[in-house]
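# Fold and geometry: a report
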Amino acid sequence: MGNSAQEKMIGRSVRRLEDVRFLTGRGRYVGDIECPDALWGHIVRSPHAHARIGRTDLSRARMLDGVRGIFTHADLAADGLGPLPCMAAVTPLIVPPRPALADGRVRHVGDPVAFVVADSADVARTAAESIDVEYESLPAVVDGTAALAAGAPTIWDEAPGNLAFHVERGDAAAVAEAIRAAAHVVEIEVMNNRAVVAPIEPRAGIARYDAPSDTMDLELTGQGLHGIRRQLAEFVFRVAADRIHLHAPDVGGGFGTKNFLYPEWVLLLWAARRLGRPVRWEAERTEEFMASAQGRDIAARAKLALDAAGRFLALDVAMVANLGAYLSGNGPGASVVAASTAQGGVYAIPAIHVDVRGAFTNTVPVDAYRGAGKPEANYIIERAIEAAARRLGRDPAELRRQNLIASFPHKTAMGMTIDSGGFVDNLDRAVVRADVKGFEARRADAKARGRLRGLGIGCFLETSRGAPNEGAEVTFASDGAVTLAVGTESNGQGHETAYAQIAADRLGLPLGAIRYVQADTRAVKSGAGHGGARSMHMGGTAAVKAIEAALVKAQRLAAHLLQASENELAFAGGRFSVRGSDRAIALSDLAKSADDPANLPEGMTPGLGVHAMNMSDVFTFPSGCHLAEVEIDPETGAAALVRYTAVDDYGRLINPLLTEGQVQGGVTQGIGQAMLERTAYDRGSGQLLSGSFMDYALPRADDLPGFDIALVERPTNANPLGVKGSGQAGCIAAPQTVMAAILDALRPAGVEHLDMPATPETIWRALHGRDAMSER
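Attention here is on the structure that accompanies the text. (Residues numbered from 1 in each chain as written. Predicted model: local features only at pLDDT ≥ 70, side-chain atom pairs only at ≥ 80, totals over all residues. Heavy atoms only, no water.)

### Quick word on the packing of aromatic side chains
The geometry of two aromatic rings is summed up by the distance between their centres and the angle between their planes. The final tally for this structure, using the stated rule, is 11 aromatic pairs. Where Phe71 meets Trp270, the ring centres are 4.8 Å apart and the plane angle is 90°; that geometry is what we call edge-to-face. Of the two residues, Phe71 sits in strand E3 (residues 67–71) while Trp270 sits in helix H8 (residues 263–275), which places them 199 residues apart along the sequence. Under the relative-accessibility criterion, Trp270 is labelled buried at 1%. Connected via pairs of aromatic rings, a cluster forms that spans Phe289, Phe693 and Tyr696. The cationic tip of Arg107 hangs over the ring face of Trp156; the distance from NZ or CZ to the ring centre is 3.4 Å. (Phe/Tyr/Trp six-rings, centres within 6.5 Å; stacked < 30°, edge-to-face > 60°. Helix = DSSP H or I, 4+ residues; strand = E, 2+ residues; numbered from the N terminus. Buried < 20%, exposed > 50% of the residue type's maximum accessible area, 1.4 Å probe, protein only. Lys NZ or Arg CZ within 6 Å of the ring centre and 35° of its normal.)

Dropping the structure here:
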């Protein structure tokens, strides 16, 4: 049921409704929230990557005026607090305890050691700097592969050899047989470099405690709040979930890193309860570099088997995932669960085998970062195809076209059933759009100017769903407003607009009538947050279910009040009317009537509101083909990205403008990983060398070309909206595309391999036959 009379909102490029308040200074972030009686927290962090904690002298800090409390692990343990859990669906899995404050030993630079609470942020910082902690330094290891080698320093007694898990998926025997019989076997080793996740707003929170009700409240820069609340209640504080209330105001970006439970959230809630005062904390940017979850960091070896004609026969992948010092909330899930769904990408590969080992190291914990395993999986197959094209003397685009999945539904060797797509068409359109035929002329022009020019192509397959199941609730006010509360959560994606477009279409109401509610464990009954490009697929479907159920209820009431049968009613423009008459009633009037039991037909409960669950574990499969061109100055190694073309399929587009913005942002992050972002740890001491933006480069506007992005709509039947999800795809596609272009430019100079990031230094060393800086 829906409205066909008014102009449809789905498919329109409506500018984001939320931007009005953001651009006029009316956004409300944690840092904007006034809490006059709040104390301030500051965390004492380890300066060592691996050390035993010795004597800790708090006396000078406690003497400072305004200090209200200084706490260590012993205080938390005395109150019975449990460790932070790991919820990843990976078995078998070794999960060492992760207390909110280090227990006798620190395992990475930035590991929390003590929590200072004072009247002001300045006093708390001064007190923290007055604490004297003696450390006994221990050997450290920061590389995942090195951590698994014999003789590596032991990080956890519970994890012999620093191995957190060893998982195999796929058909090892079939792959081995295919490789044995293959005409060609191409082997590659690639590194998916670690990324510091850097949303514009650092993490922050304000905790409050209500003694009469014995409830804790945390307002935070978080996402996936129902999941975080569950972990806090069930594993850490061991209380009923309704004793903890989590809510988030506007959140300034996240890219995955704000989806998890952190020690800081435990410390804030515990200190507020302990001291009976609100306690707030706002991370400094340097803290985010050393304490907020980081992304990627997977070393991979792969073998791609081909027959004599160039058909792919099998893919064998071995990965080592650097998990950091602790298992973050879903840390192992990205490298095992998510990556497995996308192994092999958009190609028809009869047999695939994946071997994944997770390594503990003395580094910041790693967790899901935009794409979460899918970028790593796509990067492997795309780099392998590039190597195969060189080995066979084939055009990279033609070799891909020959092996693309062309008929649907298609069941992959990893068990995923791809329901729909246009992989061949994406590639053909992208090649034409990028003017590949004219590339040699552009290369010749670059050569005349002393530049090396390269063209790269890359395809991608996203497997969108994230967590299964999602909820939504629709309620109606007597003033005509409709509130839609959804369990997914936006930190910049434009949900306030996209969900309003869905509701407006279904209810026949203007966008301004829709009020959007998210990120509040009291106001929203259930939710799995965002992540996995799931919001429109999972949350949008839940919203449709709730709205349709509410309209069924409204139709019954309208028939009762209009003294007609339900079959006689038509719905349009937010009104039910009796066909062939002038009798009609608006949803707003129905909402008023529904609150009074005297107006209701027998058996109907008051109110029109409905909460609905979308119980689904179905994936959707966004896909696309990207091409990039670079120019390199051989004297300096500086690479300029001069052209970027994409043809992508995200199913039906709720809002094409927002979709293109999501793709542009994702592509930019992928470009950053490919060309700029290097997370560097000293191999001897474990010190984080890239601990600020002075040493860690993010892409800027002048690093980017004008993007030429074409969106092809091929709706899926996996949900009633036909959507596939666009939030992660750009950063899945861009790294291999850019690297292919860089290697194409360098190949005439004899360079056959390069790992990300392809910084000017890395390129210059490759051109001049010098190894990359191995000490890093």
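### A few points about the sheet that holds strand E6 (residues 132–137)
Here we have three strands laid out as an open sheet, ordered E4-E2-E6, and antiparallel in their pairing. A strand with exactly one partner marks an edge of an open sheet, and here the two such strands are strand E4 (105–106) and E6. Sheet topology note: the strand E2 (residues 51–57)/E6 ladder contains five bridges and is antiparallel. Within E6, the residue paired with Ala51 across the bridge is Ser137. (Pairing = 2+ DSSP bridges.)

### Things to note about the pattern of salt bridges
One pass over the structure, following the stated rule, counts 54 salt bridges. Note that Arg449 is salt-bridged to Glu631, the shortest N-O span being 2.6 Å. In this pair, Arg449 is assigned in the loop between helix H14 (439–448) and strand E18 (452–461) and Glu631 in strand E26 (residues 623–632), connecting sequence segments 182 residues apart. Classification of Arg449 as partly exposed rests on a relative accessible area of 42%. Residue classification places Glu631 among the buried positions, given a relative accessible area of 11%. (Salt bridge = Lys/Arg side-chain N within 4 Å of Asp/Glu carboxyl O.)

### Notes on the environment of Leu461
Its location among the elements puts Leu461 in strand E18. By relative accessible area, Leu461 is classed as buried at 1%. Discounting chain neighbours no more than four positions away, the residues touching Leu461 are Ala342, Gly345, Val346, Asn378, Ile418, Phe423, Phe621, Pro622 and Ile732. (Contact = heavy atoms within 4.5 Å.)

### Here's the deal with the sheet that holds strand E19 (residues 470–476)
The sheet built from four strands is open, its strands ordered E21-E20-E19-E25 with mixed pairing. The open sheet has two edge strands with one neighbour each: strand E21 (514–517) and strand E25 (610–614). Averaged over neighbouring strand pairs, the angle between their axes works out to 20° when direction is ignored. When E19 meets strand E20 (residues 482–486), the two strands line up antiparallel, connected through five bridges. (Axes fitted to C-alpha atoms, helices over the stretch in contact; angles between N-to-C directions.)

### Describing helix H4 (residues 121–130)
Each turn of an α-helix holds 3.6 residues, which means side chains three or four residues apart point in the same direction. Taken together, the buried positions of H4 are Ala124, Ala127, Ala128 and Ser130. The buried side chains of H4 occupy one side of the element, clustering within an arc of 160° when seen end-on. Looking at H4, the residues exposed on the side facing more than 90 degrees away from the buried face are Asp122 and Glu129. Of the surrounding secondary structure, the elements contacted by the buried residues of H4 are strand E1 (39–45), E2, helix H2 (59–62), E3, strand E5 (112–118) and E6. (Arc of directions from axis to C-beta.)

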